[in-house]
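Residue strings, one per chain:
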Amino acid sequence: MSVSATLANKKEKGGCGLMEIRSFKALRFDEKVVGNAGNCIAPPYDIIDSAQQQRLYEKSEYNIVRITKGKTTPRDNDSSSQYTRAAEFFKAWIKKGVLKQDSAESIYAYVQDFELAGVQLRRFNFIALAKLEEFGKIVRPHERTLDEPKIDRLKLLRATAANFGLVFMLYEDKKKIADKIIEKTAAQKPLIDFIDEQNVRHQLFAITDKKEIEAIADMMREKSCIIADGHHRYETGLTYYKETKNPAAAYQMIAFTNICHEGLICLATHRLIGGLESFDFKKLIAGIKADFEITQYRFDSPAGKAQARQKMLVQMKTEHGSNKNAFGIYGWDGAFYVVVLKSNKAMDSMAPDMSRDWRQLDVSVLQKLFFEKVMGIDEKSVAAEKNIEYVKDMPDAVDESIAKIDSGRKQVAFFMNPVTREQLKKVTEAGERMPQKSTYFFPKVFTGLTINKF
């Protein structure tokens, strides 16, 4: 009996837990055929722009981007499209031996090494198949989803009947059972080892010991998990399984990370606003005075500007550390601002149906008290990303945002603090979803390390 069957049988005989996971035999790029398999791996499809898509195409004729985000042509139709081409690539790569299935049932240890603000960090993940569940106690989403990406992913899934990208999911285990197994396994020779464009090192290892696989599966049975990234892929998996009733499609390929792991990093996502008619920055500042304490950092020289920018960022972080709702604002009037919410009561009337924990999120306060109350940007406009650009908090993000204001390309920048792990847990436990682009988990889990063919 396979390890997967043993685990499933064990659950049927009396497992009373929640999350059911399985080992599997992944399809992986064979370096004897493709050379360096790192050239075949890609970021998640939804963060790849056209320039990176082209770079990935050029990296290798077997890069997974050809399947997950293939190029389109003006002649595309229902019978010939990026989805039909993806299926053709997939079939041909298997036939040619580009993709080869592992011989042993495995849970895969996925280790990422990276640097952030001068600090070297390491994050442990493990990749397994997890039984799909409707959102609720077992699997909790934290962000809203959009229809268009789900339609796109469903077309790819129908064409290929396989998981290429990973859903990124968080669980909590203070005993760090899986982390200890991953750490031990990471002493072996990796199955794949490469460095991406953001200087993140990705290594994959196979956990094949049956006792270790069962230890991870047993630990996970007690867990309720939060989707950190990949909401659209998870919902698409549910839809596809309901359509096909294929037993193999009842399981999704997921990368799991312990929320207690020190390498789990959630960064902020800043907001840039542009294209608003009759926008007046002075009116914006005046409009928030009733709800916010406002600190202004003026400047009149490049050196003064750098100092004012730094003072804004330091105060934002300090206020965040005191559990206060604080934002940095820049609108090209010769000053940076930090605004701090005076009282949470201001949110009660704006979001009476939401929990206290939801109302205390910075992103919720920004949405309700800035965008809706003062600027007239409603939830539909936010969902459509109308007038809003989201900027991930990478090293140059603040300066690039300031430059867009200075050049007139955007009208105002809102600088954010990150959502905390505790906030993420509380809001999802209440069954609620955060506003769009609330979190940015870094680094991303890459696509093509393992493939699950139904």
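All figures in this text were calculated on a predicted structure; none of them were measured in a lab.

Asks: In this structure, what is going on with the sheet that holds strand S17 (residues 335-341)? I would like to understand it.
Replies: Strand order in the open sheet formed by six strands is S15-S17-S16-S19-S14-S18, with antiparallel pairing between adjacent strands. For this open sheet the edge positions go to strand S15 (292-298) and strand S18 (388-392), each flanked by a neighbour on one side alone. Adjacent strand axes in the sheet meet at a mean angle of 20° when their direction is disregarded. Where strand S14 (residues 269-273) lies against S18, five bridges are found, and the strand directions are antiparallel.

Asks: Just checking my understanding: could you explain the pairing of strand S4 (residues 107-116) for this structure?
Replies: When a strand is regular, its side chains alternate between the sheet's two faces. Among the 10 residues of S4, nine are classified as buried, and the element is accordingly described as predominantly covered. Alignment of S4 against strand S10 (residues 201-207), held across seven bridges, turns out to be antiparallel. Looking at S10, one finds that Tyr108 is bridged to Ala206. Relative to strand S5 (residues 119-131), S4 runs antiparallel, the two being bridged by nine bridges. Looking at the pairing, Val111 lines up with Phe124 of S5. Remark: two residues form the turn of the hairpin made by S4 and S5, two consecutive strands paired antiparallel; Ala117 in that turn has positive phi of roughly 50°.

Asks: Would you explain the environment of Gln54 in this entry?
Replies: Topologically, Gln54 is positioned in helix H3 (residues 50-59). Owing to a relative accessible area of 31%, Gln54 belongs among the partly exposed residues under this scheme. Separated by 16 residues in sequence, Gln54 and Gly70 have C-alpha atoms that sit 9.9 Å apart. One polar contact links Gln54 to Glu58, side chain to side chain, over a distance of 2.8 Å.

Asks: Help me understand the environment of Leu267 in this model?
Replies: Secondary-structure assignment places Leu267 in strand S13 (residues 265-267). The spatial distance from the C-alpha of Leu267 to the C-alpha of Lys189 is 31 Å, given a sequence separation of 78 residues. Ignoring any residue separated from it by four or fewer positions in sequence, one finds Leu267 in contact with Leu116, Asp393, Met394, Pro418, Thr439, Tyr440 and Phe442.

Asks: When you look at the pattern of salt bridges in this model, what are you seeing that I'm missing?
Replies: Note on pairing: side chains with opposite charge can pair once their charged atoms come close. Summed over all chains, the structure comprises 27 salt bridges. The salt bridge partner of Glu422 is Lys425, with a shortest N-O separation of 3.8 Å. Here Glu422 pairs with Lys425, and both are found in helix H17 (residues 421-429), just three residues apart, close to one helical turn. A relative accessible area of 43% means that Glu422 is categorised as partly exposed. The network of salt bridges with shared partners includes Lys150, Glu235 and Arg433.

Asks: I tried to follow the packing of aromatic side chains on my own but got confused; where do I start?
Replies: The description of two aromatic rings rests on the distance between their centres and on the angle between their planes. Scanning all chains against the criterion turns up 21 aromatic pairs. What links up through ring pairs into an aromatic cluster is the set Phe292, Phe327, Phe370, Phe371 and Phe414. Lys71 extends its terminal NZ or CZ atom over the ring of Tyr57, reaching a point 4.5 Å from the ring centre. One cation-aromatic arrangement involves Lys392 over Tyr440; the distance from NZ or CZ to the ring centre is 5.6 Å.

Asks: Any chance you could explain helix H11 (residues 302-321) here in plain terms?
Replies: Each α-helix winds once per 3.6 residues, and so residues spaced three or four apart point in a common direction. With 20 residues, H11 ought to run about 28 Å at 1.5 Å a step, and its terminal C-alpha atoms sit 29 Å apart, in line with that. Within the sequence span of H11, burial applies to Gly304, Ala308, Arg309, Met312, Gln315, Met316 and Glu319. Projected onto a plane normal to the axis of H11, the buried residues spread over an arc of 140° and lie on a single side. Those residues of H11 that are exposed and angled more than 90 degrees off the buried face are Pro302, Ala303, Gln307, Lys317 and Gly321. Considering only its buried residues, H11 is in contact with S15, strand S16 (326-330), S17, helix H16 (397-406) and strand S19 (412-415). One or two positions beyond H11, positive phi appears at Asn323, with a value near 60°.

Rules used in this analysis
- Residues numbered from 1 in each chain as written.
- Predicted model: local features only at pLDDT ≥ 70, side-chain atom pairs only at ≥ 80, totals over all residues.
- Heavy atoms only, no water.
- Pairing = 2+ DSSP bridges.
- Helix = DSSP H or I, 4+ residues; strand = E, 2+ residues; numbered from the N terminus.
- Axes fitted to C-alpha atoms, helices over the stretch in contact; angles between N-to-C directions.
- Buried < 20%, exposed > 50% of the residue type's maximum accessible area, 1.4 Å probe, protein only.
- Polar contact = N/O pair within 3.5 Å; in protein donor to acceptor, adjacent residues only side chain to side chain.
- Contact = heavy atoms within 4.5 Å.
- Salt bridge = Lys/Arg side-chain N within 4 Å of Asp/Glu carboxyl O.
- Phe/Tyr/Trp six-rings, centres within 6.5 Å; stacked < 30°, edge-to-face > 60°.
- Lys NZ or Arg CZ within 6 Å of the ring centre and 35° of its normal.
- Expected span 1.5 Å × (residues − 1).
- Arc of directions from axis to C-beta.

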